[in-house]
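Examining the three-dimensional arrangement
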Amino acid sequence: MAQDRRTTPPALRLPGLVFLLLMAGYQALAFRYALSDPQTWPDWLKEHSFSLWPATWSMFTTRDRSHTLLEARARYPEGWQDVDLNAVFPSRWESGPRYIRKPFWRSRTYNKTLAWSLCGRLERRPLAVEITKVEWRKTLGQVEQPRKDEERTRLIGWDCEERLTLPQGRRL
Amino acid sequence: MSAPSWSDRLYAPQWAGSWTATRYLYVLAGLATQLPRLPMIDDAYAPVDMIFSKPPFHLADHLILSPTGGLLVWAAGVAGLLMLAWGGRLARPGLLLWLAASWLLLAAEAFNIKAYDRVITWIGLGLLFGPIGERGLTGKWRSPFGRWVLILFYMALYGSTGWLKAMEGSHWWSGDVLAWHLVDLWFGGSPLGAWLSGQRWLYLPMQWFTVLFEASFPLAILIRRLNPLWLVAGALLHLGIWLTMNVGPFSYVALSAYPVLLHPEVARGLWERFSRRAGSDASPAR
């Protein structure tokens, strides 16, 4: 019995090859700039810094010797109370909560949104909230990660009366 | 008789049975990605407060998903995966629906796009060009174009991450990069991974294996004799990651296209051996 064999029609073969070459070029370009210093990027990449991101695969490439956590506390008339951020913002990915990601806590705008959302999400509305970044060195060889040489950095203090405008002018 | 042209060689039909396996594995990987998003819709994908507009995702400047809208988009993604699983004429529309719904949720969340979100999209691109809408593929030979797209993507994925590891300060050759990742609060912390992070004699060879496998993949995958060996090595790598780290559905997603990456004639040989064995096992009952 004859085999059922079919392939790409001749008219589509050259466009197909061009597509493969463009894809290879794009992936190669993304590799070229994956770990390079953004200061050295060409102007077009500085302007569109995310244009190569879909094909950038620098996964677990560099050393990371410290843990990072965010902690929060809320001020009520009777004083400050610690807040469990994980309970207020329960979504968790394998990389942790999204506010743990470096681009998040490095951004003043995102920290404002987090603080403002925290004011709105707490059962009893506080007068103010404060968010602190805690970093400490990892310990190899064990599950427990004691907070050795802990460093605390205050990211933001936020008055809950203050208004914040989200995209599209949205306010709570 | 004239020699075959470049296009005849590049587009010579290949045994297509592997596409069925990859289609089903892709659906499972997609479900492993999509189902855990359900409880996070109100909090992360369609919240009323934590809304961001961030490059490259400016969706929130134009559209903010309500929690109900987020739920509908999520359900559309699941429906797309089920259509893809059903196959036939529903396969391609299903794949497109899944990709569109998935990226709508990711764009609404705007902040947390994972490597596996991008990997599953590139694999989806390969599937779009493959014969996923046909049934009975184990008896058919089809255009290899979709397979070339997938091979090219995996060459870039593994090659790029392997070469970057090999070059970046050479910590992957002599240092302890992996050990630090194995005790990460989020990605690491499993008892096995934490124990490994203290065993330099074990994690150092694991680092070498990772870099050698990844950096050599772009060449090895194209050589018929090495192709199955490198895919077995890749499966072991992903099994190791799955056992020692928490990377979500990354391992399932990455492995889902392996059947198509396997050299089609090797895959056909395996299929025929399996079919013969299944036939001989079934024959007494007949």
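Residues numbered from 1 in each chain as written. Chains lettered and ligands numbered in written order. Predicted model: local features only at pLDDT ≥ 70, side-chain atom pairs only at ≥ 80, totals over all residues. Heavy atoms only, no water.

Turning our attention to the sheet that holds strand β1 (residues 14-15) of chain B. A sheet is described by the order of its strands in space; here three strands give the open sequence β1(A)-β2(B)-β1(B), paired in mixed fashion. Two strands bound the open sheet, and with one partner strand each, they are β1 (4-5) of chain A together with β1 of chain B. The pairing of β1 of chain B with strand β2 (residues 140-142) of chain B spans two bridges and is antiparallel. The residue bridging W15 of chain B from the neighbouring strand is W141 of chain B, located in β2 of chain B. (Pairing = 2+ DSSP bridges. Helix = DSSP H or I, 4+ residues; strand = E, 2+ residues; numbered from the N terminus.)

Counting residues at the interface gives 84 residues for chain B and 72 residues for chain A. Summed over both sides, the interface between chain B and chain A buries roughly 7300 Å², with carbon and sulfur atoms accounting for 66% of that surface. Our count for the contact surface shared by chain B and chain A stands at eight salt bridges. D184 of chain B is the salt-bridge partner of K138 of chain A, the closest N and O atoms lying 3.4 Å from each other. (Contact = heavy atoms within 4.5 Å. Buried area = accessible area lost by both parts, 1.4 Å probe. Salt bridge = Lys/Arg side-chain N within 4 Å of Asp/Glu carboxyl O.)

A separate point is a nonpolar patch on the surface. All names here are of chain B. Taken together, the side chains of L192, W195, W201, F209, V232, L236, L239, W242, L243 and Y252 make up a nonpolar region of the molecular surface, amounting to roughly 1100 Å² of accessible area. For the nonpolar patch, the secondary-structure elements that each account for two or more residues are α10 (191-196), α11 (200-220) and α12 (227-244). Top element by residues in the nonpolar patch is α12. It accounts for five residues. Examined against the element boundaries, L192 turns out to sit in helix α10. We classify L192 as partly exposed; its relative accessible area is 40%. (Patch = residues over 30% accessible without salt bridge, like charges linked within 9 Å, V, L, I, M, F, W, Y side chains within 5 Å. Areas by Shrake-Rupley, 256 points an atom, 1.4 Å probe, with all protein chains shown as cover. Buried < 20%, exposed > 50% of the residue type's maximum accessible area, 1.4 Å probe, protein only.)

This part covers the nonpolar core. L70 and L118 of chain A together with Y26, I123, F153, Y154 and L261 of chain B are the most contacted members of the largest nonpolar core, which has 125 residues in total. Sequence-distant contacts of L261 of chain B, that is, excluding residues within four places in its chain, are made with R147, L150, I151, Y154, F217, I221, N227 and L231 of chain B. (Core = buried A, V, L, I, M, F, W, Y, C linked by side-chain atoms within 4.5 Å.)

On to the state of the cysteines. Structurally, a disulfide amounts to a covalent bond that connects the sulfur atoms of two cysteines. Residues and elements named next belong to chain A. A full pass over the atoms with the stated rule returns one disulfide over all chains. Here C119 engages in a disulfide with C160; their sulfurs sit 2.0 Å apart. Linking C119 and C160, the disulfide has an S-S dihedral of approximately -70° and is accordingly described as left-handed. Here C119 is found in helix α5 (residues 108-121), whereas its partner C160 is found in the segment after β5 (148-159), with 41 residues between them in sequence. A relative accessible area of 2% places C160 in the buried class. (Disulfide = S-S within 2.5 Å.)

Purely geometric numbers; function is a separate question.
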